[in-house]
Amino acid sequence: MAFAAFATAEVQPQAPKKRSRIALFLLLPGILYLVLFFLTPLISLVLTSLQAPSEFGDIGQFDYAFNWQNYVTVVETYLPHILRSFGYALTATVFALLFSYPLAYFIGVKARRWPLLQSLMLVLVIAPFFISFLLRTLAWKQLLSDESFVITSLKALSLMAPDAHFTGTPFAVIFGLTYNFIPFMTLPLYTTLERLDTRYLEAGSDLYAGPFTVFRKITVPLSMPGIVAGTLLTFIPAAGDYVNASRDFLGGPDTQMMGNVIEANFLVLLNYPAAAALSIILMAAILVLVSIYVKRSGTEDLL
Amino acid sequence: MSVREFAERGADLELVGIQKRFPGFTAIEELNLTIPAGSFFALLGPSGCGKTTTLRLVAGLEEPTTGRILIGGKDVTDTKSHERPVNTVFQSYALFPHMTVIENVAFGLKRRRIGDALGKAHEALRLVELDHLAQRKPQQLSGGQQQRVALARAIVNRPALLLLDEPLGALDLKLRRQMQLELKSIQEEVGLTFLHVTHDQEEAMTMADTVAVMNKGAIEQMGAPEQLYELPRTSFVANFLGQSNLFTGQVVSTTSSAISVDAAGTRIVVPTSRAQRHQGEVTVGVRPEKVTLHTESPGEMPDRNLLGPGRIIDVSFSGVSTQYIVDIPGGGAVVVFAQNVGYGPVAVVGAEVWVSWAVDHGFGLADEPGETGRFPADDSTTSIAVQRREALISELEEH
Amino acid sequence: MSGEVQAAAVLGGFTESETQEDNAPGGIPRRRRIGLGDWLLPVYTVLAFVFLLIPIVYTFVFSFNDSIKSNISWRGFTFDKWLNVCNVEGGAVCQAFTNSIIIGLVATVIATVLGTMIAIALVRYRFRARSAISLLLFLPMATPEVVLGAGLAAQFLAVGVPKDMTTIILAHTMFCISFVVVTVKARVSSLDPALEEAGRDLYGSPSQVFWRVTFPLLTPGILAAALLSFALSFDDFIITNFNSGSVSTFPKYIYISASRGIPAEANVIASAVFLFALVLVVAAQVSRAARAKRLAKLG
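Calculation criteria
- Residues numbered from 1 in each chain as written.
- Chains lettered and ligands numbered in written order.
- Predicted model: local features only at pLDDT ≥ 70, side-chain atom pairs only at ≥ 80, totals over all residues.
- pLDDT = per-residue confidence, 0-100.
- Helix = DSSP H or I, 4+ residues; strand = E, 2+ residues; numbered from the N terminus.
- Contact = placed C-beta atoms within 7 Å.
- Core = buried A, V, L, I, M, F, W, Y, C linked by C-beta atoms within 7 Å.
- Buried ≥ 20, exposed ≤ 12 C-beta atoms within 10 Å, placed from the backbone.
- Domains from an automatic or database assignment.
- Pairing = 2+ DSSP bridges.
- Axes fitted to C-alpha atoms, helices over the stretch in contact; angles between N-to-C directions.
- Nonpolar A, V, L, I, M, F, W, Y, C, P; charged D, E, K, R; others polar.

Asks: Describe the confidence of the model for chain C, and please don't skip the residues or the numbers.
Replies: Residue and element names in this part refer to chain C. Looking at chain C, pLDDT values average 82 and 86% of them are 70 or higher. Mean pLDDT per element in chain C: helix α1 (residues 7-14) is the minimum at 44, and helix α8 (residues 193-201) is the maximum at 92. Note that pLDDT drops below 50 for residues 1-25; the model gives that stretch 77 contacts with residues more than four away or on any other chain. Under the prediction, the complex receives an ipTM of 0.82, its pTM being 0.76.

This is the structure in structure tokens:
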């Protein structure tokens, strides 16, 4: 599903698959690698989240245990951050969708007559990726800081209160998240819209549907795979992001997300079980949300 | 027959007791077929009848569930595709897009390590008059040119058997006619055995020495094109090859030379040598171009069957001929093809006419035509399987 | 996924040779009389692009800033930073950049090889545990980077492996594999099976068919996957941060300097990378369009 969003060329009907030992040889190295460096760490994370502090150890030394209490503590302490993360991510996803859909529609449907222009526009969409996303976020921080041209003008025009900030507020963080993930949303949308058969839209008009109805009842449902892929590819990383919310970037003391907290616990406080527990909670929440979402939007095949 | 040698001439193909089952449906029920060496053989049928599957079995791209395949007397059932002296011209041509035309044509020769591969490839391209485009890529050629390259690529290997999978489908009418003649002449010149799969009955009849009509995974009738056309054995063949007027009725009398059937409100006489069944309820028929239209009652004609009077309900002009549909009470709609020897149609809609044909032109079928609705039934083997499965499911749900 | 995720979709299209059809699969919207509503979308698109490109322009402009420590306020135009990129901070910026390149190259090579093999197996062969393997491939893409980074770091910690270049490379390869699989799989699925059948029909043994027919046709997809993988690795910050110890990569350097002021040289490198990538991609697109035009004329 998300991966059908990646395919730009038409999938050909394949010959029936063969059974062969070659498959094993092809799969083994890669799968083994993933088991070793993805699965095992994940299990390791679970085990870490259950650790208890060593009796006579320093900070950062833990023993294996079944300390479920970790999870409870972590949720109690960081509930605001958890809710904030999903809230920001959801908001950013919705904004990104609203921003990207017309853009993707224009490139994918209206501009079909000019393939070269289409490609160049796509280049522009992913161009921000060629510059480190840290620098992109920093650029916005400078551009929207209190001393910047934009903010001072807004204040001069009385559109903003004189002592208000933009950077350091949730708005800035959501703004940053939205901006950074627009390409993630646009590309799957584009891929699906690019394949939209406009003759369906013509058929809709032929059958007495006005433009809005055609959009609502034909275009949107047909672009659903792209919408699903785009929202997933935006929401998942956004929920775990911590650069945007970091104090050095667009965030402030009250905008800390789960990612920041996990980083802090892991690298600074050396409270590995807490960091691990939070990570597991984040991942579990995302998996649950994703499976509900995918089931409801009717796309079964994930890979 | 070693793959390394060029075949001197084509070889026989024998299919013995072939059955091909896929998960969920049977593509080929029971196939027995012999194609003599050096002949141009056409496998004709609607989509989903199993003809492409048969081709793939011969090419070695599929394995039969049961049965044996023999080429030149040698059992090749268990040999792989790249070891069989068989080459295919694919429906989509399947020219390698990342190689030039000459590299495409030389591909098979190089794999077999035949000496002077490029020289032979150029020769093959000269045969199809495309040597001047040898360095182009396939995408730079037109459809007709690509088709010829695909042919050259197969022929250059002098296979014992050349398989053609609806190769002319993508070409427009004029080009298709041209290619039909070219293929036929190349086959005669090189002397290979050609197995041509198509759903176009005109194409099959034009090109082939022998035609086999396939339906629902089995061969219904096989023989020379004229034979199949003038004497169809089943209603499927009668309706698939050209058009037929069919009448069903009881046999009321038989003589040593003819049977008399009570149909269409009168007696229709068919020679016994041309009737598959001689008693009970039979279906008889005649081709529309054999039927004569009479604007006045013609009276008794000893060697002809006469139907009428009826009314013309449709007149269709199509250049060479005009098609009249006449409603005969008790006989249904009778189709008449009349060659336009004069100007304009002979009669108009609503006119009262009679139709007749020579007794010797009629035929009797082995079966009866099925119930047909407004649209032809979906007879592909896959849809049959799907329908059976759904019938089973609904049956199970009732219990 | 702090990188060019769907560059896969786009890059897949970019690196395709002229073998693929360029025409719109679903019909081209017909011309109508131009009305007011027709201007809305194009105008919106232009504004959207301006918005998207603002930070890039900002970064580029400020690479010419005659700054001393922090690059926040404009002090004057200079080419100095471009000419003496590696002078600042004892060459730290250039070192970080070099590290990122090395890590990217190594991780890309490994991930591309492993991922391509998996993609071929998935499309062409039947085997048990298909859904389990699909899930295993899907999960790294669905897991937030924080979790991936923290998990791997915890693992290294538990095993007692010190964090350095090797651990970074191992980490990057891990999350790149899934993306390679997805990209190459899309390409494998779009191959006409008749081509390989023709190869077999023309006496090619299975290995000959693979190396002479399948693999050359897969090259655009593999190239796209490699590019995507490199881009992901180069721009990765979060996972790197957890697994790098004291080794500096370019994004990490930026993050660390963010609190005390990022030197303009970082802007220089970022802008240079941007221009290089942009030129590469645009050139590929233009040359592809030119080739397609030439082919259309000849036929």
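Asks: Explain the arrangement of the chains to me, using residue names and the numbers behind them.
Replies: In this assembly, 2 pairs of chains are in contact, and the pair contributing the most contacts is chains A and C. Separating chain A from chain B is a minimum C-alpha gap of 10 Å, and the two share no contact.

Asks: I'd love a proper account of the nonpolar core, names of residues and values included.
Replies: Grouped together as the largest cluster of nonpolar side chains are 263 residues, with contacts concentrated most on Leu195 of chain B together with Ala150 of chain C. Inspection of this core shows a minimum of three residues originating in each of domain 1 (13-229) and domain 2 (243-364) of chain B. Excluding anything up to four places from it in sequence, Ala150 of chain C contacts Leu45, Ile262, Phe266, Ala275, Ala276 and Ser279 of chain A together with Phe242 of chain C.

Asks: Can you break down the sheet that holds strand β6 (residues 86-89) of chain B residue by residue, with the values?
Replies: All names here are of chain B. Within the open sheet, the 6 strands sit side by side as β6-β7-β8-β3-β9-β10. Their pairing is mixed. What marks the edges here is a single partner per strand, and that holds for β6 and β10 (218-223). Adjacent strand axes in the sheet meet at a mean angle of 20° when their direction is disregarded. Taken together, the 5 bridges between strand β7 (residues 161-165) and strand β8 (residues 193-198) define a ladder with parallel strand orientation. Across the sheet, residue Leu164 finds its bridge partner in β8, namely His196. Here helix α4 (residues 143-155) sits on the sheet and contacts β6 and β7; the angle it forms with β6, its principal contact strand, is near 180°.

Asks: Describe the environment of Thr48 of chain A, with residues and values.
Replies: As for its placement among the helices and strands, Thr48 of chain A is situated in helix α1 (residues 21-49). Distance in space between the C-alpha atoms of Thr48 of chain A and Tyr64 of chain A is 7.2 Å, their sequence separation being 16 residues. Beyond its immediate chain neighbours, meaning those up to four positions away, Thr48 of chain A contacts Tyr272, Pro273 and Ala276 of chain A together with Ala154 of chain C.

Asks: Break down the interface of chain B and chain C for me, with residues and values.
Replies: The parts lose accessible area when they come together, and the size of an interface is often stated as this lost area. Counting residues at the interface gives 21 residues for chain B, matched by 20 residues for chain C. Secondary-structure elements contributing two or more residues to the side of chain B that touches chain C are β6 and α2 (101-111) of chain B. Across the side of chain B that touches chain C, the residue classes break down as 9 nonpolar, 10 polar and 2 charged.

Asks: Quick one: what's the story with the interface of chain C and chain A, residue by residue and with numbers?
Replies: In this assembly, 94 residues from chain C lie in contact with 99 residues from chain A. Among the elements that line the side of chain C that touches chain A, the one with the most residues is helix α2 (residues 37-62) of chain C, at 12 residues. Its residues placed into classes, the side of chain C that touches chain A shows 67 nonpolar, 20 polar and 7 charged. Bridging between strand β1 (residues 18-19) of chain A and strand β1 (residues 125-126) of chain C involves 2 bridges; their strand directions are parallel.

Asks: I'd love a proper account of the sheet that holds strand β2 (residues 25-35) of chain B, names of residues and values included.
Replies: Residues and elements named next belong to chain B. The antiparallel open sheet is built from 4 strands, whose spatial order is β2-β1-β4-β5. Lying at the two open borders of the sheet, with one neighbouring strand each, are β2 and β5 (74-75). In this structure, strand β1 (residues 13-22) lies alongside β2, joined through 7 bridges in antiparallel fashion. Within β2, the position partnered with Leu15 by the bridge is Leu33.

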